[in-house]
Amino acid sequence: MKKTRDLQSTEAFRQLRQNEVDLSKSQKDRNKLGQFSTPRILADELLEYAQQSLASKDVRFLDPAFGVGSFYTALLKSFGPDHKALGFEIDGEYYKAANEVWKNYRNLDLRKADFIREGVKNYEKANLLVCNPPYVRHQHLSSETKNYLKTITKEVSGKEISGLAGLHAYFMLLCHRWLDQDGLAIWLVPSEITEVNYGKTIREYLIDKVNLERVHFFEHSDVQFEDALVSSCVIVYRKNEPSKHVVQITTGSSFAHPDSVFDISKEELRGKNKWSKHILRSKSAEHDPVNPEKKLGDLFTIKRGIATGNNNFFILDKEQAMALEIPKKYLKNVLPPSRYLKGDVVRLDEDGFLDTKKKLVLLDVDLSMDQIQAQYPKLHKYLKGGMEKGVHLSYLTSRRGPWYSQEKRNTPSFFVRYMNRESKDQKTHHSIFIKNEADAVATNSYLMLYQKPSNLLAPFAIDIWSFLRKGLNKTLYRYGRTYGGGLVKFEPNELREIPITV
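Here the structure is a predicted model, which means the values were calculated and not measured.

Thresholds, definitions, all that
Numbering of residues starts from 1 in each chain and follows the order in which that chain's sequence is written. Where local features are concerned, this predicted model is filtered to residues with pLDDT of at least 70; where side-chain atom pairs are given and counted, the filter is 80 or more; whole-chain, interface and lining totals use all residues. The basis for the side-chain values is all heavy atoms of the structure; hydrogens and waters are excluded. The numbering of helices and of strands both runs from the N terminus, where a helix is a DSSP run of H or I of at least 4 residues and a strand a run of E of at least 2. Accessible area is worked out with a 1.4 Å probe on protein chains only. A residue is then buried under 20% of its type maximum, exposed over 50%, and partly exposed in between. Between two residues, a contact is recorded if the distance between any of their heavy atoms is within 4.5 Å. Put simply, a salt bridge is a Lys or Arg side-chain nitrogen that is within 4 Å of an Asp or Glu carboxyl oxygen. Any two strands are treated as partners once DSSP identifies two or more bridges connecting them. Between the N-to-C directions of two axes lies an angle of 0 to 180 degrees, each axis being a line fitted to C-alpha atoms and, for a helix, fitted only over the stretch in contact. Note on aromatic contacts: the rings of Phe and Tyr and the six-membered ring of Trp form a pair at centre separations within 6.5 Å, being stacked when their planes are under 30 degrees apart, edge-to-face when over 60 apart, and tilted otherwise. Take the buried Ala, Val, Leu, Ile, Met, Phe, Trp, Tyr and Cys residues and link them wherever side-chain atoms come within 4.5 Å; each set so joined is a nonpolar core. Note on terminology: angles under 35 degrees are roughly parallel, angles over 145 are roughly antiparallel, angles of 65 to 115 are roughly perpendicular, and the others are oblique. Crossing handedness is read from the near helix: turned anticlockwise from the far helix by less than a right angle, it gives a left-handed crossing, and turned clockwise, a right-handed one. Amino acids outside the nonpolar list (Ala, Val, Leu, Ile, Met, Phe, Trp, Tyr, Cys, Pro) and the charged list (Asp, Glu, Lys, Arg) are all regarded as polar, and Gly is one of them.

> Any details on the overall build of the chain? Residues and values, ideally.
On a plain count of helices and strands, the chain comes out with 17 helices and 20 strands. Looking at the 502 residues of the chain, the share that counts as buried comes to 56%. Considering only contacts within the chain whose residues lie at least 6 apart along the sequence, 75% involve residues at least 24 apart.

> Go over the pattern of salt bridges with me, naming the residues and quoting the values.
Applying the stated criterion across every chain, the model contains 33 salt bridges. With its nearest N and O atoms 2.7 Å apart, the salt bridge here joins Glu11 to Arg14. On the criterion of helical spacing, the pair formed by Glu11 and Arg14 is a turn pair, its members being 3 residues apart in helix 1 (residues 2-24). By the burial criterion, Glu11 is buried, and Arg14 matches it. A salt bridge links Asp364 to Lys332, with the nearest nitrogen and oxygen atoms 3.8 Å apart. With Asp364 in the loop between strand 14 (360-363) and helix 14 (369-375) and Lys332 in strand 12 (residues 331-334), the pair connects residues that are 32 residues apart, well separated along the chain. By relative accessible area, Asp364 is classed as buried at 9%.

> Give a description of the sheet that holds strand 14 that names residues and reports values.
Within the open sheet, the 3 strands sit side by side as 11-14-12. Their pairing is antiparallel. With partners counted over all chains shown, the strands left at the sheet margins are strand 11 (315-317) and strand 12, one partner each. The average undirected angle you get between the axes of adjacent strands in this sheet is 40°. Summarising the sheet, strand 11 and strand 14 pair through 3 bridges and their orientation is antiparallel. Within strand 14, the position partnered with Leu316 by the bridge is Val361.

> So what's going on with the packing of aromatic side chains? Residues and values would help.
What the rule picks out here adds up to 21 aromatic pairs. Both rings, one in Phe115 and one in Phe171, keep their centres 5.3 Å apart while their planes meet at 40°; by these two values the pair is tilted. A residue pair is termed long-range when its members are at least 10 positions apart, and Phe115 in the loop between strand 3 (108-112) and strand 4 (126-131) and Phe171 in helix 7 (residues 167-174) qualify at 56 residues. Comparing Phe115 with Phe171 shows no difference in burial state: the two are buried.

> So, the nonpolar core: which residues are in play, and what are the values?
Counting 51 residues, the largest nonpolar core has Trp187, Leu206, Leu212, Ile235 and Tyr237 as its most contacted members. Counting residues per element, this core draws most heavily on helix 7, at 7 residues. With residues up to four places along the chain from it excluded, the contact list for Ile235 reads Met172, Ala185, Ile186, Trp187, Val189, Ile193, Leu206, Leu212, Arg214 and Val215.

> Explain the pairing of strand 8 (residues 246-251) residue by residue, including any values.
Inspection of the sheet shows strand 6 (residues 211-217) paired to strand 8 by 4 bridges, in the parallel sense. Within the sheet, the bridge partner assigned to Arg214 lies in strand 8 and is Gln248. As paired elements, strand 8 and strand 9 (residues 260-265) share 6 bridges and run antiparallel to each other. Each bridged residue has a counterpart across the sheet, and for Thr251 the counterpart in strand 9 is Ser260.

> Got a sec to walk through the environment of Val334? Specific residues and values, please.
Relative to the helices and strands, Val334 is located in strand 12. It is 5.1 Å that separates the C-alpha atoms of Val334 and Val361, two residues lying 27 residues apart in sequence. Ignoring any residue separated from it by four or fewer positions in sequence, one finds Val334 in contact with Ile315, Leu354, Leu360, Val361, Leu362, Val441, Ala442 and Thr443.

> Give me the lowdown on helix 4 (residues 70-79), citing residues and values where you can.
Buried residues dominate helix 4, accounting for 9 of its 10 residues. Phi for Gly80, located one or two positions after helix 4, is positive at around 90°.

> Can you break down the environment of Pro81 residue by residue, with the values?
Topologically, Pro81 is positioned in the loop between helix 4 and strand 2 (84-89). Judged by its relative accessible area of 33%, Pro81 is partly exposed. Sequence spacing of Pro81 and Arg106 is 25 residues, and the spatial spacing of their C-alpha atoms is 9.1 Å. The contacts of Pro81, once residues within four sequence positions are left out, are Leu76 and Asn107.

> I'd like a description of the packing of helix 7 against helix 8 (residues 200-208), backed by residues and values.
Where helix 7 meets helix 8, the axes come as close as 10 Å, and the angle between the chain directions of the two elements is 25°. On the basis of their axis angle, the class for helix 7 and helix 8 is roughly parallel. The element helix 7 and its partner helix 8 pack so that their crossing is left-handed. Each of Ala169, Met172 and Leu173 in helix 7 lies in contact with helix 8, whose residues at this interface are Thr201, Ile202 and Tyr205. Across the contact of helix 7 with helix 8, the residue classes tally to 5 nonpolar, 1 polar and no charged.

Worth remembering: the numbers are spatial, not functional.
Below, the structure is given as structure tokens:
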């Protein structure tokens, strides 16, 4: 009983110190360094699962991103204090807090060190690894660090990881050498690693190098970290020779009590490039109104919106454009953010601008600066002001001639919101499509749908707008790329795969 009370008081102190360190850092800094602490209940669930799954009674625990020790508390609760544990923490403030909390726990070897630079030969290998690795995006990794990580992780996987991979992906591969034979690994990582291209090397590693046992997908509307906008999954595997077996897929808000459980063969999993949405789609086929004959890509050519190179400069509101005395022929009507639309159909007003709450236009001029200076002095002054700010030197503008002209696009039949909020109810549909009855184009916050010739659809008869207006339900949202809070992004290739219903 005393040990239980001691752990409870230690855990209360741990949470206090963790909150103090969290609050001392700005949200921007925590995002940059990928510092998102594991929720208490989830940590307990993962270690309880490990306690039931680990055959050895002699536990050698490793957490390479220790933080203040959420997983270590859970380890003590599930396994007791008489087991070796090794933790690494690079951040001085989190390390100091953790050291204060755990200084009396002699079986914990806590190191203030950059794990990716540590050599495994200096330590005893672990038979239990549980980790919430730092979610540091690739933009925040230096070229030297990336090259170093690519080299050492290629030795593990046999393949070079994408340069777009975040630090969490490298952590998973690095830890292969730290885990003993038959050791159990449990990772809490962003679910995008199962979907996006940079995660391909990780997915191949899980199939070919270890025995993948379980993948749990949390609901996209259920963010595991209150301060991070990513949805999460848990990946469980053992380090031994891959064998022919099935992988358990679970979903829901609780790892310990999932809403759905099903098995998928390893070979079937190998054939799926984007695991989560394709697995879930195939296993919920009875809810998926799929007509195998047609997909959205059969009806439309789907392209991103126009990339201007500087929206703040090239997109003007109507009043600003009129004040600059820019002729209408050098202005393209451009779709405003969806909150300024009056409905799901865009039309022109009597003046030839969009009938929307906010009227925006895209500057697109093909005259020389000398011609503009002679004919439109106010516009010339505006463009000169842009040059003083370096607008003409950006990657896109510097490759256009003239730099203030735009990519030439025809008027699309429909628009699609690039980012959307997933419907929580399986049967509830959410409209994401906008019909273009004007001459509007859009920036890259939308996708643009160009209708293919009608003869390509025969004999597939369908009222296209009625179908699109119906929108997407929860099942069809799984074709998109999922983020926290139910946020879903559709890339053109993903939108093309959405099945057509009649």
